[in-house]
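# Topology and contacts: notes
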Amino acid sequence: MSLFKARDWWSTVLGEKEEFDQGCLCLADVDNTGNGQGDGAQAEDMLLEVHLRDPILQVEVGKFVSGTEMLHLAVLHSRKLCVYSVSGTLGNVEHGNQYQIKLMYEHNLQRTACNMTYGSFGGVKGRDLICIQSMDGMLMVFEQESYAFGRFLPGSLLPGPLAYSSRTDSFITVSSCRQVESYKYQVLAFATDADKRQETEQQKLGSGKRLVVDWTLNIGEQALDICIVSFNQSASSVFVLGERNFFCLKDNGQIRFMKKLDCSPSCFLPYCSVSEGTVNTLIGNHNHMLHIYQDVTLKWATQLPHIPVSVRVGCLHDLKGVIVTLSDDGHLQCSYLGTDPSFFQAPKVESRELHYEELDIELKELQKIIKDVNKSQGIWPMTEREDDLKVSAMVSPKFDSVSQAADVEVGTDLVPSVTVKVTLQNRLALQKAKLSVYVQPPLVLTCDQFTFEFMAPEMSRTVAFSVYLKGSYTPSELEGNAVVSYSRPSDINPDGIPRVIQCKFRLPLKLICLPGQPSKTASHKLTIDTNKSPVSLLSLFPGFANQSEDDQVNVMGFRFLGGSRVTLLASKTSQRYRIQSEQFEDLWLITNELIIRLQEYFEKQGIKDFACSFSGSMPLQEYFELIDHHFELRINGEKLEELLSERAVQFRAIQRRLLTRFKDKTPAPLQHLDTLLDGTYKQVIALADAVEENQDSLFQSFTRLKSATHLVILLIGLWQKLSTDQIAILEAAFLPLQQDTQELGWEETVDAAISHLLKTCLSKSSKEQALNLSSQLNIPKDTSRLKKHITLLCDRLAKGGRLCLSTDAAAPQTMVMPVGGCTTIPESDLEERSIEQDSTELFTNHKHLIVETPLPEVSPLQGVSE
């Protein structure tokens, strides 16, 4: 905002609800009196007002009538060009002088006009010719009362600003290609007639001339206006106002200088300067500012009461240098540059006595309230009313009589489907209720989006959909989620306050699993300890084994629809259960289902102190293998995409070469370009198929990785007897993404989350808390850092570390190594700096300490029949 405002000398508002543009302002002696008008705002300031039937595009004043050199007014309409004479007679009464307008001649246009320019085309003396540019890029030249010729500009798409240079006798415009183009008038006059736009055989033989541009300059942006400034016959300058810059060009199109503008311009006007060899330029912008430049130097900035769309400088009533501006809504103002002294004085502020003790007490109370709210409610505030809408989900206990599974990729097994019903009950009238249902892939829904309108309170709506397994691998969870978003109207916000409510439901294990033959041998085994006597597996998993004489069934087999098998064994003498499978990730669903069903079984028995535990070694090596496989697919995907991009660039380059050869009038040999194009096309198709196949493999690998991650979190919770909140922190750190991409993947996200835990609540010293971890999530070079951090996390938990998100509990903790726990594995950023201060270690003379002790093996089950 400028400190200097344009001083208002005279102003008025034109018309009523009319729009004005840059061609609607012309400053000239239209009545040929040689006197400027204006002496303050008076009634006779309005000299003439005439209502024309057609919209006016542009007005100009020049020598447009033959036989006289007096000035006349040219008015351009969309389909008509009219030339008027304006004359005045002296008045003998108080109303003052009277002015009349008379139509001299008019031209009806065959094409819709855009703008016009005038000048002494071809070097004529004593008269001005008019050139009109149509909307389809045709220049129509009128020699006063007669039409001369019309020419189409080559390659014209949209018309641009048009100006005439008298020194070079050429027309200058800016094409839709964003380049300044200059056309000689003589070339236009002798070029092919616009009525014969298509070339004929005679023109090909040389009887006609093509319209050739004199020079071009690419400015890289659209132009708002063009102005030609010529102060002597030896040199002239072409000024072009762009959207972000304004340019000063020489006669031959070379850039004299250019200036990058800070604000979006609206109009400009170059005019003479008092310094020899320089040009002053007025530039108005959309910030209500008018800037005055001398070449590229800003000399003055003044504020206007409106956004100017046209600006002129003239002499009015013997006052030189009056700036005339016009806005798009008709504000016309004559102003001059200057300043007025400011007489404003800031009022005195009433002093108030501040009671600092009371302010400190109030501040402490507010801080206590904020702290209590954060502890009790967490991040999200508690809603006042939770019963605006109730959502409940019910899973059918039986499969659908006719399976809804379609386009499954499971193999020969018959894929069942189960129906889920979701019921919504509203207490108030709600708007825009939308139900979204989500299940873990490869489980799919027959319909996952529903829309409701609860126009009245106490309404109930129920929707039903089916769930089935589509892929040949197991999902990471059997839990589904129904989320309802709605708007509750209020007095303050009639459109409604957005709310979200969700309901979770659990799908049956039989949906993805069938009874199978138990296996005696397996590559991966887990043992879960309990504090109660073993329960018959038939009681826990009815439907997965046949009733036998021996009611204590202690071995049961499961076969997933994808083909993998899992065996569950219950000890006859000890309180242990073993789960074993050939795939590590397949252990998760059966292990989780076992613990859930055991808890439900003992709750029905009225036993509340049932607990599970895990005393074996953490299966980190098997987990790391899945991480490496997932990361390898990500790296492979990046390489395939880079190779595909290279082949696509090569394919387009060959296409351009062939297109150039085919367009050539004298065709040259293809030099096996067609063979190369065909081979490149086949490579592109093969690489695209490989990228798609790798994406499918990556998606399956990520699902298996999530299953293994759920299993590791479960085992850590059983191993360290973590609370529900602590397990939630682990799940947030290890499972931050529903799906990973090349831009944001699982490895870097989890590494950042675990590093934050190691730096805060699991830190061993204040120095670790001071470490600055990288804030950018980029794909790592390998997974060694992530695996070290996961191992270090288990080590810190084994030493007594406590997971929490409160800042009060993030202080360094004294950790005691339990018997049989994980040993310390130093890590470059966290462990190496703190290990020297660890008083519990034995070797203190080494800068780096690496203790590699194998994790204890799980003890074999006692009394389990193989």
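Residues numbered from 1 in each chain as written. Predicted model: local features only at pLDDT ≥ 70, side-chain atom pairs only at ≥ 80, totals over all residues. Heavy atoms only, no water.

Let us now look at the overall build of the protein. Check the secondary structure of the protein and you find 12 helices and 38 strands. Every one of the 866 residues in the protein was classed for burial, and the buried ones make up 42%. Counting only contacts in the protein whose residues sit at least 6 apart along the sequence, the fraction spanning at least 24 positions is 62%. Element-wise, carbon and sulfur atoms account for 51% of the exposed surface of the protein, whose accessible area totals about 49200 Å². (Helix = DSSP H or I, 4+ residues; strand = E, 2+ residues; numbered from the N terminus. Buried < 20%, exposed > 50% of the residue type's maximum accessible area, 1.4 Å probe, protein only. Contact = heavy atoms within 4.5 Å. Areas by Shrake-Rupley, 256 points an atom, 1.4 Å probe, with all protein chains shown as cover.)

Moving on: the sheet that holds strand β6 (residues 113–119). Think of a sheet as strands paired side by side through backbone hydrogen bonds, with each pair either parallel or antiparallel. Ordered by their spatial adjacency, 4 strands build an open sheet running β6-β7-β8-β9, and the pairing between neighbours is antiparallel. Looking at which strands have only one partner, the edges of the open sheet turn out to be β6 and β9 (146–152). On average, each strand axis in the sheet is tilted by 20 degrees relative to the strand beside it, whichever way the strands run. (Pairing = 2+ DSSP bridges. Axes fitted to C-alpha atoms, helices over the stretch in contact; angles between N-to-C directions.)

It is worth spelling out the pattern of salt bridges at this point. Using the criterion set out here, one finds 17 salt bridges in the structure. With a shortest N-O distance of 3.7 Å, Lys80 and Asp54 are connected by a salt bridge. In this pair, Lys80 is assigned in strand β4 (residues 80–89) and Asp54 in the loop between β1 (7–13) and β2 (56–62), connecting sequence segments 26 residues apart. The partner of Glu593 in a salt bridge is Arg506, and the shortest N-O contact between them spans 2.8 Å. Separated by 87 residues along the polypeptide, Glu593 in helix α5 (residues 587–604) and Arg506 in strand β32 (residues 497–506) bring together distant segments of the chain. Overlapping salt bridges bring together Arg506, Glu593 and Arg597 as one network. (Salt bridge = Lys/Arg side-chain N within 4 Å of Asp/Glu carboxyl O.)

Pairing is antiparallel in the open sheet, where 4 strands are placed in the order β18-β19-β20-β21. The sheet is open, and its two edges are formed by β18 (265–272) and β21 (297–303), each paired on a single side. Taking each pair of neighbouring strands and ignoring which way they run, the sheet shows an average axis angle of 20 degrees. Two strands pair when backbone bridges link them, and strand β19 (residues 279–285) and strand β20 (residues 289–294) are joined in this way by 5 bridges, in the antiparallel orientation. Paired with Leu282 across the two strands is Ile292, which belongs to β20.

Turning to the environment of Glu143, a few remarks are in order. Mapping Glu143 onto the fold places it in strand β8 (residues 138–143). With relative accessibility at 32%, the residue Glu143 sits in the partly exposed group. Along the sequence, Glu143 and Leu129 sit 14 residues apart, while their C-alpha atoms lie 5.1 Å from each other. Ignoring any residue separated from it by four or fewer positions in sequence, one finds Glu143 in contact with Leu129, Ala148 and Tyr185.

Turning our attention to the packing of helix α6 (residues 620–663) against helix α7 (residues 673–720). Between α6 and α7, the least distance of the axes is 8 Å, while the angle of their chain directions is 160 degrees. Comparing their axes, α7 and α6 come out roughly antiparallel. The crossing of α6 and α7 is left-handed. Among the residues making up the contact of α6 with α7, the classes are represented as 25 nonpolar, 13 polar and 7 charged. (Parallel < 35°, antiparallel > 145°, perpendicular 65-115°, else oblique. Left-handed = near helix turned anticlockwise from the far one by under 90°. Nonpolar A, V, L, I, M, F, W, Y, C, P; charged D, E, K, R; others polar.)

Next up on the list: the side chain of Ser335. Following the sequence through the fold, Ser335 ends up in strand β24 (residues 331–336). On the basis of relative accessible area, Ser335 is assigned to the buried category, the value being 2%. In this view, Ser335 contacts Ala6, Arg7, Asp8, Trp9, Val322 and Ile323; residues no more than four positions away in its chain are not counted.

Before going further, it helps to spend a moment on the packing of α6 against helix α11 (residues 784–798). Orientation of α6 relative to α11, taken along the N-to-C sense of each, is 150 degrees, at an axis distance of 11 Å. The angle between the axes of α6 and α11 places the two elements in the roughly antiparallel class. Of the two elements, α6 crosses α11, and the hand of that crossing is right-handed. Of the residues in α11, those in contact with Leu620, Tyr623, Phe624, Ile627 and Asp628 of α6 are Leu786, Lys787, Ile790, Thr791 and Cys794. Of the residues assigned to the contact of α6 with α11, the class counts are 7 nonpolar, 1 polar and 2 charged.

Okay, the packing of aromatic side chains next. Scanning all chains against the criterion turns up 20 aromatic pairs. Considering the side-chain rings of Tyr164 and Phe171, the 5.4 Å spacing of their centres and the 50 degrees angle between planes classify their relative orientation as tilted. Pair check on accessibility: Tyr164 and Phe171 agree, each one buried. With a centroid separation of 5.8 Å and an interplanar angle of 55 degrees, the aromatic rings of Phe246 and Tyr293 are classed as tilted. With a gap of 47 residues between them, Phe246 in strand β16 (residues 245–249) and Tyr293 in strand β20 connect regions that are remote in the sequence. Judged by relative accessible area, which is 0%, Phe246 ranks as buried. (Phe/Tyr/Trp six-rings, centres within 6.5 Å; stacked < 30°, edge-to-face > 60°.)

Attention now moves to the side chain of Thr474. Relative to the helices and strands, Thr474 resides in the loop between β30 (459–469) and β31 (479–488). On the accessibility criterion, Thr474 (11% relative accessible area) is buried. Discounting chain neighbours no more than four positions away, the residues touching Thr474 are Pro442, Phe560, Asp586, Leu589 and Thr703.

We now examine the nonpolar core. Among the nonpolar cores identified, the biggest contains 101 residues, and Leu435, Val467, Tyr623 and Phe734 are the most heavily contacted of them. By residue number, the principal contributor to this core is α7, which donates 11 residues. Residues Val65, Val83, Ile130 and Phe142 belong to the second largest nonpolar core, which totals 16 residues. (Core = buried A, V, L, I, M, F, W, Y, C linked by side-chain atoms within 4.5 Å.)

Turning our eyes to something else, we now look at a negative patch on the surface. A surface patch of like charges, here negative, comprises Asp407, Glu409, Asp689, Glu692, Glu693 and Asp696. Since its relative accessible area comes to 48%, Glu692 is described here as partly exposed. (Patch = residues over 30% accessible without salt bridge, like charges linked within 9 Å, V, L, I, M, F, W, Y side chains within 5 Å. Lys, Arg positive; Asp, Glu negative; His and termini not counted. Charge placed at Lys NZ, Arg CZ, Asp CG, Glu CD.)

We now examine a nonpolar patch on the surface. A surface patch of nonpolar side chains, about 270 Å² in accessible area, is lined by Leu47, Leu48, Val50 and Ile101. In this structure, Leu48 sits in the loop between β1 and β2. Here Leu48 falls in the partly exposed class, since its relative accessible area comes to 30%.

Put simply, Pro441 and Pro442 share a cis peptide bond, and its omega is 10 degrees. Mapped onto the elements of the fold, Pro442 is located in the loop between β27 (430–438) and β28 (443–445). The residue Gln144 is not glycine, and still its phi comes out positive at about 55 degrees. Among the secondary structure elements, Gln144 is positioned in the loop between β8 and β9. Judged by relative accessible area, which is 4%, Gln144 ranks as buried. Positive phi values are uncommon outside glycine, yet His288 reaches one of about 60 degrees. If you trace the backbone, His288 turns up in the loop between β19 and β20.

Burial along strand β10 (residues 162–165) is two-sided: Leu162 and Tyr164 and Ala163 and Ser165, pointing in opposite directions, are all buried. Here 4 bridges tie β10 to strand β11 (residues 170–174), and the two strands are oriented antiparallel to one another. In the sheet register, Tyr164 faces β11, and the bridge partner there is Phe171. Where β10 folds back onto β11 in an antiparallel hairpin, the turn is made up of 4 residues, including Asp169, whose phi is positive at roughly 50 degrees.

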